[in-house]
Amino acid sequence: MGLRTFVFVVVLLGFVLSFLEFCNGGITSSFVRSVNYSLDMPLDADVFRVPPGYNAPQQVHITQGDHVGKGVIITWITPDEPGSSTVIYWAENSDLKNYATGTVLKYKYFDYTSGYIHHCTITDLEFDTKYYYEIGTGNATRHFQFVTPPEVGPDVPYTFGLIGDLGQTYDSNRTLTHYELNPTKGHTVLFVGDLSYADDYPFHDNNRWDTWERFIERNAAYQPWIWTAGNHEIDFAPALGEPIPFKPFSYRFHVPYRASGSTSPFWYSIKRASAYVIVMSSYSAFGKYTPQYKWLKNEFPKVNRTETPWLIIIMHCPMYNSYVHHFMEGETMRVMYEKWFVEYKVDAVFAGHVHAYERSERVSNIRYNIVNGLCMPISDQSAPVYITIGDGGNLEGLATSMTEPQPSYSAFREASFGHGILDIKNRTHAYFGWHRNQDGYAVEADSLWLLNRFWKQSERASS
Ligand SMILES: [Fe+2]
């Protein structure tokens, strides 16, 4: 072999190897699953049952009501008349009953008129305390309880559930049941958007918002669900005379956005135990100088990792997604914000939208500057892990079609319905597990030890 041929072979080999390195991603699970479309549960399904009694409060759910976890927003709907907006609540081991009164709202959407939507914020609760609460009157009075989080601090263990794109099918019910029966008990759900899928019905049938909120009550009345707006919350239907985006969602779900200096309920932050959770809106303006951009620019420097070591972002549309469905839809947001995620060492970004599960490697793609041509994701230990958990089980079915070969940024992907658990142990370690609905309640189909980006550097995966 001549020198020139030898050089040519070496260059060719190098080219092939570098191509293989880029394309040779992680694991595409071969798990066999049904790809039939999921059916919504019928209107008379037991999970949609209306509680007994005249004007009984229904669709009860809670979310965090302030920035640090000492407040709770309690929401419910009375169907027949406004009734009482007062919540009576008391701490376990205390006889002192407290009263708080909220507001009542009502909206129309095309030919639908909502019930009376009550939002009541209770504040100045004790940390790490079980509270009972009572809503409604007479024989339609209903009782629930919740536990406030521990005081914010760097080594406080806390467990979040992760659910997205839930809908109200038989699979949705399985997902919620698996979350409830998971032996690692979640204390709070980080919900990554796309709630009821009412907009998939003719005229965006808002009765399906009511059924959905009755369905989730069994969990969401007892632990906070942190809300993210997805595309199915937009409900933009000018042909129906409904040109205001997010109308039903805005009436039905209140969040503590003002507590974090936000001007919109679609982007905000909370602290909870050892976590700082930033909620972003994929469907609100996020370009430079927009309100969301300005808020985020001020928000990242506020995060004190010696107080809340875990910096978590939730949004609806994933920035890294190797499924064919919604491929590169998150690209504009990635271009805008990935730099900050790396600069501020975000630990994990959870998204939904794609009806499947995927976990990324720690990668970034922030070198590109239009003249240097550097546009490939590279390994980056300051980057977050991106997890798509849009596999709640809605009526649109699974996203089964994947880009091939699996790109290098994708560590594990599988098109099955399920939920995630983020189990924070202390300031350095958190364990993430993904549970598919077909397995037993304790089985994890994918898992990862997350080492905190501020306090630790290397980590290992097990699948
Ligand atoms: Fe979506």
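Residues numbered from 1 in each chain as written. Predicted model: local features only at pLDDT ≥ 70, side-chain atom pairs only at ≥ 80, totals over all residues. Heavy atoms only, no water.

- For the chain, an unreviewed UniProt entry supplies the name Purple acid phosphatase and the organism Cephalotus follicularis.
- The UniProt entry for the chain carries this comment under Catalytic activity (unreviewed entry): "a phosphate monoester + H2O = an alcohol + phosphate".
- In UniProt, the chain has this text filed under Sequence similarities (unreviewed entry): "Belongs to the metallophosphoesterase superfamily. Purple acid phosphatase family." (UniProt positions renumbered as here; feature names shortened; annotations may be inferred.)

### A look at helix α5 (residues 291–299)
- Where α5 is concerned, the buried positions are Gln 292, Tyr 293, Trp 295, Leu 296 and Glu 299. Across the axial projection of α5, the buried residues extend over an arc of 165°, all falling on one side.
- As for α5, its buried residues are in contact with β15 (268–272), β16 (275–279) and α6 (331–343). (Buried < 20%, exposed > 50% of the residue type's maximum accessible area, 1.4 Å probe, protein only. Helix = DSSP H or I, 4+ residues; strand = E, 2+ residues; numbered from the N terminus. Arc of directions from axis to C-beta. Contact = heavy atoms within 4.5 Å.)

### Focus on the coordination of the iron ion
- Around the iron ion, the donor atoms from the protein are Asp 194 (OD), Asn 231 (OD1), His 316 (NE2) and His 353 (ND1), and they sit 2.1 to 2.2 Å away.
- In this structure, the iron ion is coordinated by four donor atoms arranged in irregular fashion, with angles at the metal of 90 to 170°.
- All donor residues of the iron ion come from one chain, and their arrangement in sequence is D-x36-N-x84-H-x36-H. With Asp 194 in the loop between β13 (188–191) and α3 (207–220) and His 353 in the loop between β18 (348–351) and β19 (357–360), this residue pair connects regions lying 159 residues apart in the sequence. His 353 shares its class with Asp 194; the two are buried. (Donors = N, O, S within 2.8 Å, 3.2 Å for Na, K, Ca; no water. Tetrahedral: all angles 85-135°; square planar, octahedral: opposite > 155°, others 65-115°.)

### Details of the sheet that holds strand β9 (residues 116–122)
- Strands sit in the order β2-β3-β9-β6 across an open sheet of four strands; the sheet is antiparallel. With partners counted over all chains shown, the strands left at the sheet margins are β2 (58–64) and β6 (103–105), one partner each. When the angles between neighbouring strand axes are averaged without regard to direction, this sheet yields 20°.
- Pairing analysis gives seven bridges linking strand β3 (residues 72–78) to β9, with the strands arranged antiparallel. (Pairing = 2+ DSSP bridges. Axes fitted to C-alpha atoms, helices over the stretch in contact; angles between N-to-C directions.)

### Quick notes on the packing of aromatic side chains
- Scanning the entire structure with this criterion turns up 38 aromatic pairs.
- With centroids separated by 6.4 Å and ring planes inclined at 40°, the aromatic side chains of Tyr 293 and Tyr 337 adopt a geometry described as tilted. You can see Tyr 293 sitting in helix α5 and its partner Tyr 337 sitting in helix α6, a full 44 residues away along the chain.
- An aromatic cluster of at least three residues, connected via ring pairs, comprises Phe 191, Trp 209, Trp 212, Trp 225, Trp 227, Phe 246, Phe 249, Phe 253 and Phe 266.
- The lysine or arginine in question, Lys 97, covers the ring of Trp 90, its NZ or CZ lying 4.2 Å from the ring centre.
- Sitting over the ring of Trp 455, Arg 427 keeps its end group 4.7 Å from the ring centre. (Phe/Tyr/Trp six-rings, centres within 6.5 Å; stacked < 30°, edge-to-face > 60°. Lys NZ or Arg CZ within 6 Å of the ring centre and 35° of its normal.)

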